[in-house]
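# Structural characterization, general
The primary structure of each chain is shown beneath.
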Amino acid sequence: MKHLESINAALERYLSTGDMPKLMHEAMSYSVFAGGKRLRPRMCLAAAEMAGGSIEDAMPIACALEMIHTYSLIHDDLPCMDDDDYRRGRLSNHKVYGEANALLAGDGLLSLAFETMLREGISKVAHAPRYYEAAQAVAHGAGVFGMVAGQWADLANENNPDADAETLTYIHRRKTGALITASIVSGAIVANADESTVAALRSFGEHYGVLFQITDDILDVVGDAETVGKTLGKDAEQSKLTYPSLYGLEESRRMAEREAELAAAAVLPFGEKAAWFTALAKAALTRTY
Ligand code: GRG
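Before going into details, it helps to say that this report is about the structure given with it. Here the structure is a predicted model, which means the values were calculated and not measured. (Residues numbered from 1 in each chain as written. Predicted model: local features only at pLDDT ≥ 70, side-chain atom pairs only at ≥ 80, totals over all residues. Heavy atoms only, no water.)

### Some remarks on the overall build of the chain
Tallying secondary structure elements over the chain gives 15 helices and two strands in all. The globule rule puts the C-alpha radius of gyration for 289 residues at 19 Å, and the 18 Å found for the chain is close to it. Summarising its shape, the C-alpha atoms of the chain cover approximately 55 × 50 × 30 Å along the three principal directions. Burial analysis of the chain (289 residues in total) assigns 52% to the buried set. Of the roughly 13,200 Å² of accessible surface on the chain, a fraction of 55% belongs to carbon and sulfur atoms. Within the chain, one finds 27 positive and 40 negative side-chain charges whose respective centroids are separated by 4 Å. (Helix = DSSP H or I, 4+ residues; strand = E, 2+ residues; numbered from the N terminus. Rg over C-alpha atoms; globule rule 2.2 N^0.38 Å. Buried < 20%, exposed > 50% of the residue type's maximum accessible area, 1.4 Å probe, protein only. Areas by Shrake-Rupley, 256 points an atom, 1.4 Å probe, with all protein chains shown as cover. Lys, Arg positive; Asp, Glu negative; His and termini not counted. Charge placed at Lys NZ, Arg CZ, Asp CG, Glu CD.)

### Here's the deal with helix α14 (residues 249-266)
Its 18 residues place the ends of α14 26 Å apart at the C-alpha level, agreeing with the 26 Å of an ideal helix rising 1.5 Å per residue. Looking at α14, one finds that the buried residues are Ser-252, Ala-256, Glu-259, Ala-260, Ala-263, Ala-264 and Ala-266. The buried side chains of α14 occupy one side of the element, clustering within an arc of 155 degrees when seen end-on. On its buried side, α14 packs onto α10 (195-222), α13 (243-247) and α15 (275-284). (Expected span 1.5 Å × (residues − 1). Arc of directions from axis to C-beta. Contact = heavy atoms within 4.5 Å.)

### A short note on the environment of Asp-84
Following the sequence through the fold, Asp-84 ends up in the loop between α4 (55-76) and β1 (86-87). Relative accessible area serves as the criterion here: at 4%, Asp-84 is assigned to the buried category. Taking the C-alpha atoms as reference points, Asp-84 and His-94, separated by ten residues in sequence, lie 9.1 Å from one another. In this structure Asp-84 touches Asp-77, Ser-92, His-94, Thr-231 and Lys-234, once residues within four positions along its chain are discounted.

### Topic: the site of the ligand
In the vicinity of the ligand lie 19 residues, with Lys-37, Arg-40, His-69, Ser-72 and Arg-88 positioned nearest. Lys-37 is positioned with one of its side-chain polar atoms (N or O) 2.6 Å from an oxygen atom of the ligand. Within the side chain of Arg-40, a nitrogen or oxygen atom sits 2.8 Å from an oxygen atom of the ligand. Going through the elements one at a time, α4, α8 (147-156), α9 (165-190) and α10 are the ones with two or more residues in the shell around the ligand. Counting residues per element, the shell around the ligand draws most heavily on α4, at six residues. Looking at the shell around the ligand, its residues break down into five nonpolar, seven polar and seven charged. (Near = heavy atom within 4 Å. Polar contact = N/O pair within 3.5 Å; in protein donor to acceptor, adjacent residues only side chain to side chain. Nonpolar A, V, L, I, M, F, W, Y, C, P; charged D, E, K, R; others polar.)

Written out as structure tokens, the structure reads:
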């Protein structure tokens, strides 16, 4: 898979920078190196590449995105949130290290993400002048305007009989879509892309985010737990508002196809240069994990 090895090598390096408690490092590494798809860092690097930028300049931002994503999964699995025993095909972090340590491992990854971007940015801004603007896009997608707000709204609407399609859209644009969009937008910005390129990639990210969430919801109903690597059927068990529960499986599949088309259309003007993104959107429709 493109860039996978270099992303993993950089993550190893960033996670081992400086002196920290051994068990804390182990708990953070346990989840980071549990075999995730590295979707967000790969999107960031692909956007930087498409916009003519350097992979090396984008790498700290790409890795920060994966650290933030991993922290969100660790926290989401905690008993006070989704209470999940399995993640990425193995026991979730709190099942191995205990709740308090899992909470801190997540906190550690979140702050290490920002420390990594800030530290590496000092040497990179000379050739990537918009480095900090890209880092700000990551903060925007991860925090109170993005993923954290989405998770908040998700929890707030559990067992809410009035939650409707608008609520579902609000939740997923933020919980899942915002960090995905930030991944691609930050990659374009660090590569000094012009406004129209950033806008086109943002539009791809927004449609891809919805597509990804619809297919995630579908997998929760019809997926194979071993392949997906987590407990399935939890959405229905927790009466969660999902695309299949609101629209049914068939209509959800149609909606996913529509979002894939819209995502591909957003990057159409870039032709062959955007081939990786077009293929990504197509592959999401048939993903099994
Ligand atoms: C705790 C602030 C906070 C947020 C949690 C990510 C998240 C928000 C909740 C996880 C619940 C969930 C199933 C979200 C749907 C989409 C999603 C983020 C799936 C997991 O991402 P993948 O498939 O995972 O990219 P890997 O393991 O491949 O990296």
